[in-house]
Amino acid sequence: MPAFQPVAKAALNAGSADRIAARLWAVETSKAGSRFSSVLNCVLDESNMGKSAPETSVPDDILAWVRRITEHVWGPQPLDADGIMQAIHGAYLLVCGAPHGHSIAGLRAAAGHFTEAAAVVAAEKRQPQARIVGSLGKGLALLRAGDFTAAANAFAEVRSSQPAAQVLTAAALCWQANAQSLARKHRAAQAPLRTARAALKRLNQPGRYLPGLLALTEALFEYESGHFAAAQARLDAQPRAFYSRYQPDLPDLRGFEAEALLLRGKVLRDLARYEQALLTVERAQSQRRRCGDLLGEAWGCLEKARLYRFSGDYDRAHNELDTAALLTAETDFSACQARIHDQRGDLLRLQNKIAEADREYTQAERLAEATADPLLRAHVVNSRARLLEEQGRFKDAWRLLRGRQRFWRGKKEHPKQLYLMASQHLGLENAERAETLLKQACAAFHRLGMRAHEALALNRLAGLYADRGRAARACECWSAALRVADDVETTAILARLRDAVNRLSAMQLLPVVAELTGELKTVRAATRRREAAEAQVQERRLFERHLIGHWFAAIVHRHHWPPDGSALPMPAFMEEFAFLLDTYDWHLGDFARAPAPSTEVNLGPMITEAAAKAGCAISLARRSRDATIRVHQGFLELVLHCLLRGARTAFGTTTFRADIRRGTSATRRRVVAIRLVDPAPVGFERIEGLVSLDHALDNSEYRRFFERGYTGDLSLAFFVVRVALWGAMRYDLVNRIVLIDIPEYPS
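Residues numbered from 1 in each chain as written. Predicted model: local features only at pLDDT ≥ 70, side-chain atom pairs only at ≥ 80, totals over all residues. Heavy atoms only, no water.

Novice: How should I be thinking about the overall build of the protein chain in this particular structure?
Specialist: Helix and strand counts for the protein chain come out as 36 helices and seven strands. Burial status across the protein chain gives 50% buried among its 747 residues. For the protein chain, restricting intrachain contacts to residue pairs at least 6 apart in sequence, the fraction spanning at least 24 positions comes to 65%. As displayed, the protein chain has an accessible area near 35800 Å², and 51% of this comes from carbon and sulfur atoms. (Helix = DSSP H or I, 4+ residues; strand = E, 2+ residues; numbered from the N terminus. Buried < 20%, exposed > 50% of the residue type's maximum accessible area, 1.4 Å probe, protein only. Contact = heavy atoms within 4.5 Å. Areas by Shrake-Rupley, 256 points an atom, 1.4 Å probe, with all protein chains shown as cover.)

Novice: Looking at this structure, how should I read the packing of helix α13 (residues 254-270) against helix α14 (residues 274-291)?
Specialist: Think of two packed helices as two axes; the pair is described by the angle between the axes and how far apart they sit. For the pair α13 and α14, the least separation of the axes is 8 Å and the interaxial angle reads 160°. With respect to α14, the axis of α13 lies roughly antiparallel. Here α13 and α14 pass one another in a crossing that is left-handed. Where α13 abuts α14, its residues R254, G255, E257, A258, E259, L261, L262, R264, G265, L268 and R269 lie against Y274, Q276, A277, T280, V281, R283, A284, Q287, R288, R290 and C291. Looking at side-chain class alone, the contact of α13 with α14 contains nine nonpolar, five polar and eight charged residues. (Axes fitted to C-alpha atoms, helices over the stretch in contact; angles between N-to-C directions. Parallel < 35°, antiparallel > 145°, perpendicular 65-115°, else oblique. Left-handed = near helix turned anticlockwise from the far one by under 90°. Nonpolar A, V, L, I, M, F, W, Y, C, P; charged D, E, K, R; others polar.)

Novice: Is there a simple way to think about the nonpolar core in this case?
Specialist: Side chains of a nonpolar character, in soluble globular proteins, are inclined to be buried together. Membership of the largest hydrophobic core comes to 131 residues, with the highest contact counts inside it found for M85, I88, L168, W175 and L210. When sequence neighbours within four positions are dropped, the list of residues in contact with L168 reads I69, V73, W74, I84, I88, V133, L136 and V158. (Core = buried A, V, L, I, M, F, W, Y, C linked by side-chain atoms within 4.5 Å.)

Novice: Would you explain the environment of A196 in this entry?
Specialist: With respect to the helices and strands, A196 occurs in helix α10 (residues 186-202). Separated by 15 residues in the primary sequence, A196 and P211 have C-alpha atoms spaced 9.9 Å apart. Sequence-distant contacts of A196, defined by excluding residues within four places in its chain, comprise A170, L173, C174 and L214.

Novice: I'm lost on the packing of aromatic side chains in this one. Help?
Specialist: Ring pairs (aromatic) are described by centroid distance and by the angle formed between their planes. Enumeration according to the criterion identifies nine aromatic pairs in this entry. Judged by centre distance (5.6 Å) and plane angle (90°), the rings of W65 and F114 are edge-to-face. With W65 in helix α4 (residues 60-74) and F114 in helix α6 (residues 104-125), this residue pair connects regions lying 49 residues apart in the sequence. For the pair W65 and F114, a shared accessibility class is recorded, and that class is buried. (Phe/Tyr/Trp six-rings, centres within 6.5 Å; stacked < 30°, edge-to-face > 60°.)

Novice: What's the story with α14 in this structure? I'm lost.
Specialist: Within an α-helix, residues lying three or four positions from one another point in the same direction, as the helix has 3.6 residues per turn. With 18 residues, α14 extends 26 Å from end C-alpha to end C-alpha; this agrees with the ideal 26 Å at 1.5 Å per step. Of the residues making up α14, those classed as buried are Y274, A277, L278, T280, V281, A284, Q285, Q287, R288 and C291. In the stretch just after α14, G292 is the one whose phi turns positive, near 70°. (Expected span 1.5 Å × (residues − 1).)

Novice: What is the right way to read the pattern of salt bridges from this model?
Specialist: Pairs can form between side chains of opposite charge whenever their charged atoms are close. If you walk through the whole model with that rule in mind, you get 28 salt bridges. Between R269 and D270 there is a salt bridge; the shortest N-O distance is 3.2 Å. Overall, D270 belongs to the buried group, its relative accessible area being 4%. Here E303 ties to R306 by a salt bridge, and the two come within 2.8 Å at their closest N and O atoms. In this pair, E303 and R306 both sit in helix α15 (residues 294-310), three residues apart, roughly one turn of the helix. Here the two residues E303 and R306 agree in accessibility, since each one is buried. The structure contains a network of salt bridges with shared partners spanning R144, E259, R288 and D293. (Salt bridge = Lys/Arg side-chain N within 4 Å of Asp/Glu carboxyl O.)

Novice: Is there a simple way to explain unusual backbone geometry in this structure?
Specialist: In most cases, non-glycine residues show a negative phi, while peptide bonds are predominantly trans. In the segment running from A98 into P99, the intervening peptide bond is cis, with an omega of 0°. With respect to the helices and strands, P99 occurs in the loop between α5 (81-96) and α6. A positive phi angle is found at A272, which is not glycine, with a value near 65°. Within the secondary structure, A272 sits in the loop between α13 and α14. Looking at A272, the relative accessible area reads 0%, which means it is buried. Even without a glycine there, the phi angle at N352 is positive, about 65°. Inspection of the secondary structure assignment puts N352 in the loop between α17 (334-350) and α18 (354-369).

Novice: What am I meant to see in the side chain of N382 here?
Specialist: Inspection of the secondary structure assignment puts N382 in helix α19 (residues 374-390). Separated by 2.7 Å, the side chains of N382 and Q417 make a polar contact. Apart from the residues lying within four places of it in its own chain, the contact partners of N382 are L401, W408, Q417 and L420. (Polar contact = N/O pair within 3.5 Å; in protein donor to acceptor, adjacent residues only side chain to side chain.)

Novice: Please clarify how the environment of W478 should be interpreted in this entry.
Specialist: Along the polypeptide, W478 turns up in helix α25 (residues 471-485). Sequence spacing of W478 and A455 is 23 residues, and the spatial spacing of their C-alpha atoms is 8.7 Å.

Novice: Mind showing me how you'd approach helix α35 (residues 700-707) here?
Specialist: Listed in full, the buried residues belonging to α35 are Y702, F705 and F706. Angularly, the buried residues of α35 cover 100° about the axis, an arc narrow enough to put them on a single face. For α35, the exposed residues lying more than 90 degrees away from the buried face are S700 and E707. One or two steps after α35, the chain reaches G709, where phi turns positive at roughly 115°. (Arc of directions from axis to C-beta.)

Novice: Just to check I follow, could you spell out the side chain of N178 for this structure?
Specialist: Take N178: it is sitting in helix α9 (residues 166-182). Residues in contact with N178, not counting those within four places in the same chain, are T217 and L220.

Novice: How should I be thinking about the environment of I740 in this particular structure?
Specialist: In this structure, I740 sits in strand β7 (residues 737-743). For I740, a relative accessible area of 0% translates into the label buried. Taking the C-alpha atoms as reference, I740 lies 9.4 Å from L640; in sequence the two are 100 residues apart. Those residues within four positions of I740 in sequence are excluded, and the remaining contacts are V639, L640, L643, R670, V671, V672, V721, A728 and M729.

Novice: Teacher, can you tell me more about the state of the cysteines here?
Specialist: Counted by the stated rule, this structure contains zero disulfides. Between C291, a cysteine without a disulfide, and C96, which holds the nearest cysteine sulfur, the sulfur-to-sulfur distance is 6.3 Å. (Disulfide = S-S within 2.5 Å.)

Novice: Help me out: how do you make sense of the packing of helix α22 (residues 414-427) against helix α23 (residues 431-448) in this one?
Specialist: Viewed as axis vectors pointing N to C, α22 and α23 meet at an angle of 160°, and their least axial separation amounts to 8 Å. With respect to α23, the axis of α22 lies roughly antiparallel. Of the two elements, α22 crosses α23, and the hand of that crossing is left-handed. Listed contacts from α23 to P415, K416, L418, Y419, M421, A422, H425 and L426 of α22 are R433, A434, L437, L438, Q440, A441, A444, F445 and L448. Looking at the contact of α22 with α23 residue by residue, the class counts come to 13 nonpolar, two polar and two charged.

Given below as structure tokens:
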């Protein structure tokens, strides 16, 4: 045996094919000369005698996965797109579960093992494409370890023009965009995202899972860019992308589904939908447990703790943080541990336990410095600044924040940073700068759809205006804050906002309201007019109370909620009546608050349109087709519509004839006469009783109208004519005619 043959055999047993070739080349160039080829053949022959593959230090599971997916893609019978995605999901499970995914060191080692395994498979199968598979696995491991830049570079190596590798290339492009989005390199992420879309379009049969991965990537890009509503829309477009078509209740790709659920939970949290977010994160955690994903479970506990803190449930938030701490106690997940201490410090600060919060923030700072994540370090700095603000040390807090101004610019957390800096300016009595920053924060929160944060910023801005004596602007901001808060699920912070506004004295707000509306003189003049017409106002007020008290309560409690408890839906006239009461300030006794009409209304087309809406046919007298009157159009349309609909549901009449007559020139009135024609309406003589629902529902003779489907619209028509139009509604029982007597507004 030649002297250098043992060296070659040792190299073969010690490592990969690359190291073997390098060792043989060194021996050949130094001593062997022309005998290199014979030695190489001798070594290869001997290596093939007792074993089928060279020994390697690569873990069996990683080596088996690289072999399997290489066979699936470039074998004699390659899998379809969904089959390849399921095979790729196997690598995701490897980097999530034990032993590789339970430590950062294990993940970094796994990244190297994927590369080594690819080299082994490339040598034994003579498939150089296996290196593409190794780069894909390496990228997944580095992405999981939080090394986003290295992961993006690894995914960039997964490129192949072969048709068999198109699915691998498209998936790698998605994860490359994910890595760059998580690294907040949004411009860089756009290029692989566009390429991934184009690659997906080129596939003849993309399957179910690859479009879902692309939708998840686009949603993550939108979320990290601060566009939360757009991220939610992307996720809604592929709601069950990773589920089996044969088992729709079970996800095939549990790991990818867990990632989608966690992202959806974060989006819902930033949109202040805390209950939905909590349920979504719990579903994500159940999938994490099935994958054996220790780190994923810990991140889920952190998200649940944040949601419980926003909802004011501090005990449950502490419990979730304790669980996360137990999950990561024996690991090197420094970033996750730093977040745990940071969130625990936030909880203790809100509970006014300043010393304990300070210790937690110190631990968070120590762990954050051990990571390579500048975003995490910046978050911990912000937490420390909030603690200094609680202690009244505004200058120290401002010094901390000033050094991070440029870092936050362009990131989705920038509006929160503006709000935090404004708080320090308020403490330093720099009101003008604080006002500018708060306005910018409010606009940014509104643009991103962050309703809870927008309400808090508006509340702080209102307090600033109130302290500076600008009561009108303060009232505007408080009003806007309360309107925004109505769209947000109740939280402890927003509950305090409502309490603070509710404690304001009505006497303090009265001049503010007058100043805002600019109607102080108008209000005083209206008050004098009401005092001069006290008798008329009192009469109408009593009339209104009669109608509202008897008519409204009777229909609700006696008809829709009868003694047997069978509730029926509200009829249309009840919704219209509720809208009428909400629209105008009826309770003040000023029943004609709507502005006077500026133009005349043509009654003919109005009556025809009302009949069409009510599902009826109506014929107009010749002289009525061009009859005009100056009257409030909305009220009159409501009267005509309800009158025709009420006659149809009460008497079964669907055909009418209308005639419009002018009253005396002194009264400037119009009389609309609507006649019920064939078929002759049975029971029309009861129309006066049907107007009063209280009377009708007490009388069994009238109750049968409701049982047949009468909606009660005649009462609403009578109410609007008397109260809103200041007119009268009368009946000609012999000729089956309803007369609407309406005064005309002065021109």
